[in-house]
Amino acid sequence: MSTLKKINNFVELRQLREQLKKNYQESLSNEIKIIVGMGTCGIAAGANDVMKAIIDELQRRNINATVMQTGCIGMCAQEPIVEIIRPGEKRVTYGRISPADAKRLIEEHVLQGRIVEDLVVATFEEGHPDETNFYKQQRLVLRNCGHIDPEKIEDYIARDGYMALARVLEQMTPEEVIEEIKASGLRGRGGAGFLTGLKWSFAAKAPGDKKYVICNADEGDPGAFMDRSIMEGDPHSVLEGMLIGAYAIGADEGYIYVRAEYPLAIKRLRTALAQAEEMGLIGKNILGTDFSFTLHIKEGAGAFVCGEETALIASIEGKRGMPRPRPPFPATSGLWGKPTNINNVETWANVPIIIRNGAEWYASIGTETSKGTKVFALTGKVKNTGLVEVPMGITLREIIFDIGGGILKDKKFKAVQIGGPSGGCLPEEKLDLPVDYESLTRAGAIMGSGGLVVMDQNTCMVDVAKFFLNFTRAESCGKCTPCREGIQRMREILQNICKGKGTLEDLDRLETLANTIKDTALCGLGQTAPNPVLTTLRYFREEYEAHIRDKRCPAGICQDLLTYFIQPELCRGCTACVRVCPVGAISGEVRKPHVIDPEKCIKCGSCKETCRFSAIAVK
Amino acid sequence: MTNSIEDIEKADVILAAGTNTTEAHPVIATRIHKAITRHGAKLIVVDPRKTEIASKAHIWLRPYPGTNVAVFNGLLNVIIAEGLTDDEFISQRTENFEAVAEAVAPYTPEEVERISGIPAEDLIAAARLYGKAKRGIILYAMGVTQHSTGTDGVFAIANLAMATGNIGREGTGVSPLRGQNNVQGACDMGALPNFLPGYQKVSDPAVREKFAKAWGVPSLPDKDGLKLGEIMAAAYEGKVRALYVMGENLMLSEPYIAHAEACLKKLDFLVVQDLFLTETAQLADVVLPAVSFAEKDGTFTNTERRVCRVRRAVSPRGKAKPDWEIIVALAAKMGYEMNYDGPASIMEEISRLTPSYGGITYDRLEKQGLQWPCPDRDHPGTKRLHAERFSRGRGLFTPVTYKKPAELPDEQYPFYLVTGRILYHYHTGTMSRRVKGLNAIAPCGLLEINPADASKLGIQDGEVVRVSSRRGSITPAVRITDRVAPGVVFISFHYREVAANALTNAVYDPIAGIPEFKVSAVKIEKL
Amino acid sequence: MRFVSLTIDGRQVEVAEGTTVLEAARKLGIEIPTLCYDNDLSIAGACRLCIVEVEGNNKNLPASCALPVAEGMVVHTNSPKVREARKIILELLLANHPLDCLTCEANGRCKLQQYCYEYGVKESRFSGERRHFAIDDNHPFIERDLEKCILCGKCVRVCQEVQGVGAIDYSGRGFDTKVATFMDRSLADSPCVSCGQCIYMCPVGALTAKPSKGKGRDFEVTKVVTTCGYCGVGCQLALNVKDDKIVGVTNVPDSHNQGYLCVKGRFGYEFVDDPERLTTPLIKENGKFREASWEEALDLVAQKFNEIRAKYGPDALAGVSSARVTNEENYLFQKFFRAVIGTNNVDHCARL
């Protein structure tokens, strides 16, 4: 790594940016670039081996090319992803690359300039990636992900990094910064969607010499990974956002609270922090001004509830991560009792671009009340899983079908769970709902941190509700009665229903209990934990009733309600099923139709999987 | 206490000297904890032992045993040098400051470091902290008083408080934490050789006349009586022939037990009145069975001068009687009738004769206690003394100089012995040693010794050793801990099996007559 | 200080800014049920029983213990919606609580029992799995039955915030949460100092004073408020008496000790009924004690005192009074020596 020089003032910063930009442009016109997606998603899919194969192959063939790592590009389903840019040519994105494919890419594309069509995911002109990369996306927060090496501050600066910081320090008062953020309409991306500028103004106005800013990087929703991707792919954008926020509220110290389960994000944050410190962008008298800021990275132990502000603060203070009642809000009494402003990763990462492009520009994106873009983690039974960044107000249908490519195996869409375990399950008739804070809340879901789990026809909604309750039951901090005891009881009712032991009165009991928990729990975790139950009851009540009245699971998921039987007209008596049945429930003569003893059957499904004649049915 | 317990929570700086508050006054320790954690108060602790409050302290000064006076003078030296005195208070409310300023001048931080071992910079930091406090309170206990220079230590503390104007206001004051439940009351009631109730001097003829008249006797003795230590000595010399001990176990609580025993054995007649056949009662000619606090009515006066009711909850056990009934009966036998319906009527007589208790009656104590001075029935009691003026008018600064303890470690007896209390027992253990659970938690008296010393002597934790002084020896088990500094050992005086006072030195503060329990020299031998 | 006026259950009240709705209601004499609230501890907002309905807030039912008053606020503390929610919370607690009131030490003072009575909760609609824990009875003074614990957290807070010890804290998460010592050892193996503040705070029967166990429930005992006989703090405490025996000690909240006690004050009363108590006067004859009547013993003392005074003068007698007996007794003792014997040789062990 190059030794970084301290930047003493605004002029030096601008000079450096110009230099780096020039270097980059020059490199584009005379170097072959090979970019490997090295986010956690890429590495998990085998990007390390691909990277190694590429380097080995280049060495073996003595080819002069720049190999660069980058963060998550967003097309997680396509990982490992390799991009190749030859001077003056299009950027070509290849997906699902194996080490063997990598050698092919070098042979055909790098050496001979021939695009390997069967591996291509996308191509676009360099310089206009955002419009073409993933249809209908608008990548503001993820603008650098896939384009820079997250471990190089130079790459960030070359793409105008830290220019927003320079602008606020040079030209704006703290009040003006807050007004700018207010005017942009940016709302917290962590869940509740509180107006960020307003929140900052509370901490700014709170009396006290010592103030803190905190970045909540305790991304706990199962299936949500946008914050991790930002930290892995563009850590400096978070740092810059925090610096601007700290300047605006008058804080001189900050913490990034990041879950220990994100080792790569932690590593890249630490690298970024060390680089920023070395260049004097974090530390004393930043860019020669009076503004000083120190930043700590605090690893959390991964309790879901530590995403709640007051629990997070308790955790940083070394206490058990448990929420406390608000008020006092952290803005007046937060970390160590000092005024504290907490925003999540995505919120902070929005800040620099708002400052750079102006509030008016930002506010032009999105809807009346929900401005800008939102990053969603699109998962479940959808073709293109991954990270997508879309303008607010886009419909769920556009995200799932246009960007996500529709349901896997072209099955029928059933529901989408939005907002994580505290969110709600929305049915098909809500597909044209515009994605903004208010519409989602009205529909019984929440924006949350932006998890989107798509479910197909084979999903049992009672089972889904139970799944999320299992999660919140285990992740409740145990402090308040409704959450600690109530979730357990909701779960027991659902378990009974799934076993066919439910009654219609149970549904009333469940609904009453769910509403009471929502009304009375201490923190956001408890208040939203009943959402999966309430939304599935609201949109899929008939499915509950089928479990109760007909003792039937329409999706065929709840095992206790299934019966396996052999259709005699299809059975050839091959005895394959007899051999796999673990409990000896199947009998019959060879070459004659067999039967399953329902008393013995444990509904494991092995026979059904084994049968070559589709003779085994479930009802 | 010049102030009240609640003032601890109102102070910004608490200076706690020679008080192991957590163990000896646990409920007051909760106030210190709250002051720090809820109100952000700063705590300075002066103690040779690393007690719980020393661990919580922002500044902990660890002097060699017996060097308090030098430390307090040193604090005042710095406060004066740095201009942190409250000059307005000094000029308007006090006198003789100049003499004290002169007296503390030699006690520079460096000199105090030489005497006490406290690093000069720590002393300076502590002086600044207390000196700059808007509301500073001083708590002290027997770590200050149980020295041959105990009175000097108290004067030095008073000098500190007055020089900084930390007296008479909310959150300030000088607060001796009294060790026993009614030690304040016993003093208030004139169980002292030189005072009648309410600190009225026996040497004052008008006072004597008032009491003689009220008590229906022609006159009262006019010369000061003997202090406890002097009584013991007089017994040894045959000058005191009969002794009446009510509710004290001198055989464990007096210094140099072997000497105390010799004194008591010389008596012609010893009467002991107690709940149990204590070590002292065993030497008596007559033992009179008394009752516990739960079996009688009365009042106790606590450390903040609060007079509170004691109420009979259960009937006297066996033929035991409340002490007051026994005294009344004995007086009658000797031809003097005391006519009381009960403790309430005794209190009526007390309030008639004792100005500070003038307004204290049982009906007023029904709901809650009253803090004296409470001169009349309409007076609400006094939270803070010396608010407008000192009792004597102007507060008197008293110059004091450091004097060495009577006995210091030497080659033969190389360790300092400090004695004191533990949480789970009380005084000579007459009551607490008879509580199963307390004995389960703290079954035996342990000698605290520093790991460095233990390793030098080759002794293990829990090992039984012989501890000897010039006056006696005991064989306690050791607890190896850094609560004590190298060269210092500690043991509590609660356990008759390992009676700490077999070792202590029978030297007394010349004014208060308090024994020097906090410093004696001992040796430790492996068995 | 600024004042705020609000309406609670149709009644107007003016309180200082920063006051909570719970405190404001108490000022009006409106009792809102609480299990985890104590005015000397930090606000936990854990039990959620003190929820109220605030007009204009359609989002939820806030906990009044943690809700600061606001100008013009209109609060309903006992609306049907609030009552129903409280009932469900009680049912949730009850579903995880042994119903052994018949033998429970807390019977009669248990707040869960009291509120279930008030809200007509006979049984829980939500019974299901229950937590199971072994009883911890290794500690000499405190027995812990975590199955009865409702996790109000008052014991944790008083141990940390008042006593400054922190022997216990929450452990585990969600439904498996419990109060535990470090490494989940017995309380006897923790830094516990046996002050018993936790027992006093416990609203249910999870914490019991062991020496009092089986000796009488709250409604069976007479509470005699008195002053502790140990150190000079003079804490106010209530001796709990049944059949002329002390069976326990409870707190006296409105006192200079704020209701708090230490191990000796709370548990150190057994000596009163120790078998070694002196129950009759003793006279020593030939080096041995024999029992005597009061008449005989006092005659002997009077005779000896008279003899010695006659022979050596009054100053040959001396008295040692006590810092442990009452003021009245100290007064009479010195009066006896000064007025009857005629000497000032009277002192006590003030200095020890």
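Residues numbered from 1 in each chain as written. Chains lettered and ligands numbered in written order. Predicted model: local features only at pLDDT ≥ 70, side-chain atom pairs only at ≥ 80, totals over all residues. Heavy atoms only, no water.

1. Re the overall build of chain B
Right, on to step 1. When you go through chain B residue by residue, the secondary structure sums to 20 helices and 24 strands.
Right, on to step 2. When its C-alpha atoms are laid out on the principal axes, chain B stretches across 65 × 60 × 45 Å.
Right, on to step 3. Taken over 527 residues, chain B has a buried fraction of 65%.
Right, on to step 4. Put simply, chain B shows about 18300 Å² of open surface, and 51% of that area lies on carbon and sulfur atoms. (Helix = DSSP H or I, 4+ residues; strand = E, 2+ residues; numbered from the N terminus. Buried < 20%, exposed > 50% of the residue type's maximum accessible area, 1.4 Å probe, protein only. Areas by Shrake-Rupley, 256 points an atom, 1.4 Å probe, with all protein chains shown as cover.)

2. Quick word on the pattern of salt bridges
Right, on to step 1. If you walk through the whole model with that rule in mind, you get 106 salt bridges over all chains.
Right, on to step 2. Close ionic contact of A:R14 with A:E170 constitutes a salt bridge, the shortest N to O distance being 2.6 Å. Of this pair, A:R14 sits in helix 1 (residues 10–30) while A:E170 sits in helix 7 (residues 163–171), placing them 156 residues apart in sequence.
Right, on to step 3. Two residues, A:K182 and A:E179, come together in a salt bridge whose shortest N-O distance is 3.6 Å. Of the two residues, A:K182 and A:E179 both sit in helix 8 (residues 174–184), three residues apart, roughly one turn of that helix.
Right, on to step 4. Among the residues examined, A:E179 registers a relative accessible area of 46% and is labelled partly exposed.
Right, on to step 5. Connected through salt bridges with shared partners, the residues B:E6, B:D7, B:K10, B:E170, B:K383 and B:R384 form a single ionic network. (Salt bridge = Lys/Arg side-chain N within 4 Å of Asp/Glu carboxyl O.)

3. Thoughts on the interface of chain B and chain C
Right, on to step 1. Counting residues at the interface gives 151 residues for chain B and 109 residues for chain C.
Right, on to step 2. Taken together, both faces of the contact between chain B and chain C bury some 10900 Å²; the carbon and sulfur share is 63%.
Right, on to step 3. For chain B, the biggest contributors to the area lost against chain C are B:R317, B:K333 and B:M334; these three give 7% of the whole.
Right, on to step 4. If you look at where chain B meets chain C, you find 15 salt bridges.
Right, on to step 5. With a closest N to O distance of 2.9 Å, B:E295 and C:R277 form a salt bridge.
Right, on to step 6. Applying the counting rule to chain B against chain C returns 70 residue pairs in polar contact (both at pLDDT 80 or more). (Contact = heavy atoms within 4.5 Å. Buried area = accessible area lost by both parts, 1.4 Å probe. Polar contact = N/O pair within 3.5 Å; in protein donor to acceptor, adjacent residues only side chain to side chain.)

4. Details of the side chain of C:E161
Right, on to step 1. As for its position among the elements, C:E161 is in helix 4 (residues 154–162).
Right, on to step 2. In terms of polar contacts, C:E161 uses its side chain to reach the side chain of C:S42, at 2.5 Å.
Right, on to step 3. With sequence-adjacent residues up to four places away left out, C:E161 is seen in contact with B:H33, B:K34, B:T37, B:R38, C:L41 and C:S42.

5. Details of the domain arrangement of chain C
Right, on to step 1. Here chain C is described as being made up of domain 1 (3–78) and domain 2 (287–348).
Right, on to step 2. Averaged C-alpha coordinates put domain 1 of chain C and domain 2 of chain C at centres separated by 62 Å. (Domains from an automatic or database assignment.)

6. Notes on the sheet that holds strand 19 (residues 472–474) of chain B
As a general point, the strands of a sheet are linked pairwise by backbone hydrogen bonds and lie either parallel or antiparallel.
Residues and elements named next belong to chain B.
Right, on to step 1. Pairing in this open sheet of seven strands is mixed, and the strands run 19-18-24-16-21-17-20 from one edge to the other. Strands with a single pairing partner mark the edges of an open sheet, and in this sheet they are strand 19 and strand 20 (477–480). Adjacent strand axes in the sheet meet at a mean angle of 35° when their direction is disregarded.
Right, on to step 2. Relative to strand 21 (residues 488–492), strand 17 (residues 446–449) runs antiparallel, the two being bridged by two bridges. Looking at strand 21, one finds that E448 is bridged to F490. (Pairing = 2+ DSSP bridges. Axes fitted to C-alpha atoms, helices over the stretch in contact; angles between N-to-C directions.)

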